[in-house]
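Structure assessment
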Amino acid sequence: MNIAYHNSHKIKVAIIDDGFDWHTSKKFHNAHTYFYEVKNGKIKKQRGIYHIYLSSHGTRCLAIYANTVKNLSPYDIYCIKALKPNTRYSSIDDLETALLWCLNNNISIISISLGTTYYKDYDRLRDIVQRLISNGTIIVAAHSNENLLSFPASFSSVIGVRCDYANELLQEEQYILLQKNLSNIDIISSCKYSNLNSVLDDEIDNYNSYATPYIAALVHKGVINGYNSLSKALYYLDLNKTKINNFCFWKYLKPILKISNEVTIPVVGIISIPSKKYMHDVMESLASYFRKDDYNASIICDYSTDDDRSFNKDTLHTFGLDSLYEMSKFIAYYTQANILLVEVSMLYNNIDYSYFDLLLGEKSNVDISLPYICIKNQSPEQIYEKIKEIFT
C-alpha cells in the first residue's frame, strides 16, 4: 500500500525528536515546517521562535533531512517534540501519542531518533506500527546506541539504521543495506555531513540517531521517483547502496559489544520435533507464557518466524555466529533476555549442553545429564507448568 502518499499532493514527513529551531528550518525554502509538542498525553502546536533549540538533537536531525532533499519539490515536515532536551528521555506513552498523531494525519515518512529496549513496550509499539504500515507510512528508526534489541527500529516492517561506528568503513553519503539480517532490515550509514557547515554551528556526532534522518531523506527521494511503499523504498535503497566485498556484520560489530564470556541466564533446550508447526507452536507458546509472567523470553530456532524476538539459526549463522553457544551468548546480551528457549538437534554432536538448565523432548528419556521433561502429547500450557515446577 501507499495510501499515506496518495492522500496528499505533497509528501508529509514527521521527525520525532527533542525540539527544533525555527530559524534553522527557514534555511530550506522547499520545506513547509510545522512544530508540535507532546504534552500530557496530547499533541499541541508550538508557537513562537524556539532559539533554545538551536543546538538541539532535533534541530540537527531536521537540518540533515532538509539539506538532503533541499533541491526537491516542496513538502510538509512536522517536527514533533517528544523527548525532553535536557534528559533525552521520553515515555512510551509520549512515543505512542506521537505515532498515533502521524497515523491520523496520513504522514508519508517518519524519521524517529528514539525507541525502547524495554521488552514490555513491545506489544504497544507493534500495534501502532502495524497500523501505520498498513496505512502506507514508511518508518525509518534509529537502533539503540548500545546495540541492544530496540523498537521500533527492530520491527520487520521498519527500516532500522545504525551509524558507521568505526567511522572508517564508509565515506560521506555512503551506506550499506543488509536485508534479512539480525534486525530484519539493517542499514549502516555514514554520519559525515561536511555540507552542513553553513547550516549548523557545530559538528554532527557519530550516533545512530544522526544517521537516521539521512536514510529517511533518501527514502523521500525514492518516494518522489515512485518508490512509494516499503518494498519499493527498499528496492530504491538497494539500487544505490555501497557494495563492500566480504563484509561480515558480526566481525564489524563485535569489538564494541559488551557480551559476557558465558551464558548467565536459564536456558531451556527443546529437541527438534519432526512437525515444524508443532515445534513453532510449542516454542512461541512457551515464550508467551513466560512473558505473561514477567520474563523477557527470547528464542533461537530452526524455523522461520514473524516474531521479532525469535531468531533463526541460519540468519544468525549468516550474521557471523558459528556455534549455538556463541548464538546464545549474543542473543542473551542483545535482547536482555532473562530466559532463553533454544531449539536443538540430537544429531549435532558438537553441541555444548553444559550451559543448558533443562531439556525438553518427545522421547521418554535421553542420555544426557540434565533435567529432562518428556513433552509428547502435552499441550504448551502443560509443558509450561512442568517447567515452572523445576525452576521453582
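Higher on the page you've got the structure.
Notes on the structure in this doc start here. (Residues numbered from 1 in each chain as written. Predicted model: local features only at pLDDT ≥ 70, side-chain atom pairs only at ≥ 80, totals over all residues. Heavy atoms only, no water.)

Here we come to unusual backbone geometry. For the peptide bond that leads from Phe151 to Pro152, omega is 20 degrees, which places it in the cis range. Relative to the helices and strands, Pro152 is located in the loop between strand E6 (138–142) and strand E7 (159–163). The backbone of Asn246 shows a phi angle near 55 degrees, a positive value even though the residue is not glycine. Inspection of the secondary structure assignment puts Asn246 in the loop between helix H7 (230–240) and helix H8 (249–253). Unusually for a residue other than glycine, Asn377 sits at a positive phi of about 65 degrees. (Helix = DSSP H or I, 4+ residues; strand = E, 2+ residues; numbered from the N terminus.)

Counting residues in each nonpolar core, the largest one holds 116 residues, and the members touching the most others are Ile16, Tyr65, Ile80, Ile110, Ile159, Ile215 and Phe356. Take this core: its biggest share by element is nine residues, from helix H6 (residues 208–224). By size, the runner-up hydrophobic cluster in this structure holds 22 residues, among which are Val268, Leu286, Leu358 and Ile375. (Core = buried A, V, L, I, M, F, W, Y, C linked by side-chain atoms within 4.5 Å. Buried < 20%, exposed > 50% of the residue type's maximum accessible area, 1.4 Å probe, protein only.)

The subject of this paragraph is the side chain of Thr212. Its place among the elements puts Thr212 in helix H6. A polar contact is formed between the side chain of Thr212 and the backbone nitrogen of Ala142, at a distance of 3.5 Å. In this view, Thr212 contacts Ser111, Ile112, Val140, Ala141, Ala142 and Val161; residues no more than four positions away in its chain are not counted. (Polar contact = N/O pair within 3.5 Å; in protein donor to acceptor, adjacent residues only side chain to side chain. Contact = heavy atoms within 4.5 Å.)

Scanning the entire structure with this criterion turns up 16 salt bridges. Ionic pairing is found between Glu96 and Arg124, a salt bridge with its closest N-O pair at 2.6 Å. Note that Glu96 is positioned in helix H4 (residues 92–104) and Arg124 in helix H5 (residues 122–134), a separation of 28 residues in sequence. Its salt-bridge partner being Glu385, residue Lys388 comes within 3.6 Å of it at the nearest N-O pair. Placement of the pair is Lys388 and Glu385 together in helix H12 (residues 380–391), with a separation of three residues, close to one helical turn. (Salt bridge = Lys/Arg side-chain N within 4 Å of Asp/Glu carboxyl O.)

Moving on, we come to the layout of surface pockets. Quantified by volume, the second largest pocket comes out at close to 380 Å³. Lys180, Asn181, Asn184, Thr305 and Thr315 are, among the 20 residues lining the second largest pocket, the residues nearest its centre. (1 Å grid on protein atoms, 1.4 Å probe; cavity = no way out; pocket = protein on both sides within 12 Å on 5 of 7 lines; lining within 4 Å. Points joined across faces, edges and corners; volume = space filled by probe spheres on them.)

Judged by how many residues are buried, strand E1 (residues 12–17) sits mostly within the fold: six of six residues are covered. With six bridges connecting them, E1 and strand E4 (residues 75–81) associate as parallel partners. In the sheet register, Lys12 faces E4, and the bridge partner there is Asp76. Summarising the sheet, E1 and strand E5 (residues 109–112) pair through four bridges and their orientation is parallel. Opposite Ile16, over in E5, you have Ile112 as the bridge partner. (Pairing = 2+ DSSP bridges.)

Of all the five residues making up strand E11 (residues 297–301), five are buried; the element is thus mostly covered by neighbouring parts of the structure. Taking every second residue as pointing to the same face, both faces of E11 are buried, with Ala297, Ile299 and Cys301 on one and Ser298 and Ile300 on the other. Two strands pair when backbone bridges link them, and E11 and strand E13 (residues 339–344) are joined in this way by four bridges, in the parallel orientation. Looking at E13, one finds that Ala297 is bridged to Ile339. As paired elements, E11 and strand E12 (residues 310–312) share three bridges and run parallel to each other. Paired with Ile299 across the two strands is Ser310, which belongs to E12.

Let us look at the sheet that holds E1. Taken in spatial order, the nine strands line up as E3-E2-E4-E1-E5-E6-E7-E9-E8 in an open sheet, and their pairing is mixed. Where the open sheet ends on each side, the last strands, each with one partner, are strand E3 (42–45) and strand E8 (175–181). Taken over all neighbouring pairs, the strand axes of this sheet differ in orientation by 25 degrees on average, direction set aside. In this sheet, strand E9 (residues 184–189) lies alongside E8 in antiparallel orientation, the contact comprising six bridges. The partner of Asn181 across the bridge, within E9, is Asn184. (Axes fitted to C-alpha atoms, helices over the stretch in contact; angles between N-to-C directions.)

A few words on the packing of aromatic side chains. Each pair of aromatic rings is reported with the distance of its centres and the angle of its planes. Under the definition given, this model contains 28 aromatic pairs. Plain terms: the ring middles of Tyr36 and Tyr78 are 6.2 Å apart, the flat faces sit at 45 degrees to each other, and that makes the pair tilted. Of the two residues, Tyr36 sits in strand E2 (residues 31–39) while Tyr78 sits in strand E4, which places them 42 residues apart along the sequence. Exposure remark for Tyr78: the relative accessible area of 10% places this residue in the buried category. Consider the rings of Tyr65 and Tyr75, whose centres lie 6.3 Å apart with planes at 50 degrees: the pair is tilted. Of the two residues, Tyr65 is situated in helix H3 (residues 57–68) and Tyr75 in strand E4; the sequence distance between them amounts to 10 residues. For Tyr65, a relative accessible area of 0% puts it in the buried group. Note on Tyr75: relative accessible area 0%, which makes it buried. Taken together, the ring pairs in this structure connect Tyr165, Phe247, Phe249, Trp250, Tyr252, Phe311, Phe319, Phe330 and Tyr334 into an aromatic cluster. For Arg309, the ring lying beneath its charged end belongs to Tyr122, and the centroid distance is 3.6 Å. (Phe/Tyr/Trp six-rings, centres within 6.5 Å; stacked < 30°, edge-to-face > 60°. Lys NZ or Arg CZ within 6 Å of the ring centre and 35° of its normal.)

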